[in-house]
Amino acid sequence: METRAFGTTGEKLSLLGYGCMRFPTINGNDAKIDEEKAGELLREALDSGINYFDTAYVYHEGASEPFLGRFFKDIRRDRYFLATKFPVFDPYSREEVPKIFEDQLKRCKVEYFDFYLVHSLNTENLTRMRETGLYEYLTIQKQQGRIRHLGFSFHDEPPVLEEICRSYDWDFAQIQLNYYDWIYYQSKEQYEILRKYNVPCIIMEPVHGGLLADLGEKPNAILEKQAPGKSIASWAMRYAGELPGVCCVLSGMSTQYQLRDNVRTYSPLIPMSGEDREVLQQALASYKEGFRIPCSACRYCMPCPFGVDIPANFSAYNTCAQDSDMQPFKNKYEMMDNKADKCTNCGVCLPKCPQFLDIPGLLAQIDVGTPPAK
């Protein structure tokens, strides 16, 4: 497994990090991790050289941290780096900040976090962080050795990122970056801001929640001709991993195939040639001829108060997005539970979406069986 130096600390992070928000579950219940299958994946990850594990207070509806605490309880601490995040987007008071942090230490069964992030900073959450003194509290925890490295994850416009980097001292930042978002999500501008401020970069959503693991028949064929035997997802992983200043690329691996494919891609990472990059742009142009809803399946929008499984509806549409008509999707849609027709346009999901999707509008178009507008 290829490793990268973390700043000037001398620490070596595995280039492939394990994102702990998409573990196998029992009967599709996100709050019920299949701990036997997930444990097998984590053990293989450790044996493959992965040493960075990223979770959060809210992942798997709060079940991810306690599961990792049980899994790592008897594993030497020098074998892994543990990262988690403070839920700045949830309503909390200044007095509740210490309670949440202490609860996370107990849930993870550790005395310190190697990497700790303010989760999903944007304009609104930055204001909340300032009003509650969160940054100052976490800085004290770092001084006391209970946080080794303090950072943040980010979902907003580049000027907001510039303000965050200019206003505070950070050890690292986590941004969404892949070859699609480089153009369509302003990831290029975000990456360049981190380089400007010399902030080490950890990448999330390198395959955009799985969208870039299957581009459709025509785009897939373009990439497969250039690199026979290589997965479509490996192109996205290579793209993210070769950027200067990137010290870890997170992947939420749910299956053994995903884990092994990503490990192969980064053992070692083979940089793209100029021809590879041209071919990738051809595939992306072909992909953009169709349209898929750019949902990363992060499930931050869930639960829906009216029972809509928002990511499942978008996934059902996306799997049929390359078809010339909507009939294959309609057939699949009719078999689904928790369909889009339950949406009441209440808007609760809108501020939670890191992709800034018009979720009610998209669900309405899906329910009447029309392709969402590009």
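K.L.:
I'm lost on the packing of helix 10 (residues 232–241) against helix 12 (residues 274–287) in this one. Help?
P.N.:
Packed helix pairs are specified by the crossing angle of their axes together with the interaxial distance, meaning the distance between the axes. Axis separation between helix 10 and helix 12 bottoms out at 12 Å; the angle between their running directions is 125°. Between helix 10 and helix 12, the angle is such that the two are oblique. Regarding helix 10 and helix 12, the two cross each other, and that crossing is left-handed. Where helix 10 approaches helix 12, its residues Trp235, Arg238 and Tyr239 are matched on the opposing element by Asp276, Arg277, Val279 and Leu280. Considered class by class, the residues forming the contact of helix 10 with helix 12 number four nonpolar, no polar and three charged.

K.L.:
I would appreciate a short explanation of the packing of aromatic side chains in the present structure.
P.N.:
The description of an aromatic ring pair rests on the distance of the ring centres and on the angle between the ring planes. In this structure the tally under the stated criterion is 26 aromatic pairs. Considering the side-chain rings of Phe81 and Phe115, the 6.0 Å spacing of their centres and the 85° angle between planes classify their relative orientation as edge-to-face. Of the two residues, Phe81 is situated in strand 7 (residues 81–86) and Phe115 in strand 8 (residues 113–121); the sequence distance between them amounts to 34 residues. A single burial state applies to Phe81 and to Phe115, both of which are buried. The interplanar angle of 90° and the centroid separation of 6.0 Å between the aromatic rings of Tyr180 and Tyr287 together place this pair among those described as edge-to-face. A residue pair is termed long-range when its members are at least 10 positions apart, and Tyr180 in the loop between strand 10 (172–176) and helix 7 (181–184) and Tyr287 in helix 12 qualify at 107 residues. Summarising the burial analysis for this pair, Tyr180 and Tyr287 share the class buried.

K.L.:
Sorry if this is basic, but what is going on with the sheet that holds strand 12 (residues 246–251) here?
P.N.:
Where strands meet in a sheet, backbone hydrogen bonds hold them as pairs that are either parallel or antiparallel. If you trace the eight strands once around the closed barrel, you get 3-6-7-8-9-10-11-12, paired in parallel fashion. For this sheet the average axis-to-axis angle between neighbouring strands, irrespective of direction, equals 25°. Sheet topology note: the strand 7/strand 8 ladder contains four bridges and is parallel. Across the sheet, the residue bridging to Ala83 is Phe115, located in strand 8. Across the sheet, helix 8 (residues 187–196) is in contact with strand 9 (147–154), strand 10, strand 11 (201–204) and strand 12; its angle to strand 10 comes to roughly 170°.

K.L.:
Just checking my understanding: could you explain the pairing of strand 7 for this structure?
P.N.:
Residues in a regular strand point their side chains to alternate faces of the sheet. Across the six residues that make up strand 7, a large majority, six, are buried. In this structure, strand 6 (residues 52–54) lies alongside strand 7, joined through three bridges in parallel fashion. Within strand 7, the residue paired with Phe53 across the bridge is Leu82. In this fold, strand 6 hands off to helix 2 (residues 64–72), which returns the chain to strand 7; that crossover is right-handed. Handedness of the crossover joining strand 7 and strand 8 through helix 3 (residues 96–108): right-handed.

K.L.:
Which parts of the structure should I look at to understand the side chain of Ser251?
P.N.:
With respect to the helices and strands, Ser251 occurs in strand 12. Within polar-contact distance, the side chain of Ser251 engages the side chain of Asn262 at 3.0 Å. Contact partners of Ser251, with chain neighbours within four places excluded, come to Leu16, Gly17, Tyr18, Gly19, Met237 and Asn262.

About the criteria used
Residues numbered from 1 in each chain as written. Predicted model: local features only at pLDDT ≥ 70, side-chain atom pairs only at ≥ 80, totals over all residues. Heavy atoms only, no water. Axes fitted to C-alpha atoms, helices over the stretch in contact; angles between N-to-C directions. Helix = DSSP H or I, 4+ residues; strand = E, 2+ residues; numbered from the N terminus. Parallel < 35°, antiparallel > 145°, perpendicular 65-115°, else oblique. Left-handed = near helix turned anticlockwise from the far one by under 90°. Contact = heavy atoms within 4.5 Å. Nonpolar A, V, L, I, M, F, W, Y, C, P; charged D, E, K, R; others polar. Phe/Tyr/Trp six-rings, centres within 6.5 Å; stacked < 30°, edge-to-face > 60°. Buried < 20%, exposed > 50% of the residue type's maximum accessible area, 1.4 Å probe, protein only. Pairing = 2+ DSSP bridges. Right-handed = clockwise from strand over helix to strand, strands pointing away. Polar contact = N/O pair within 3.5 Å; in protein donor to acceptor, adjacent residues only side chain to side chain.

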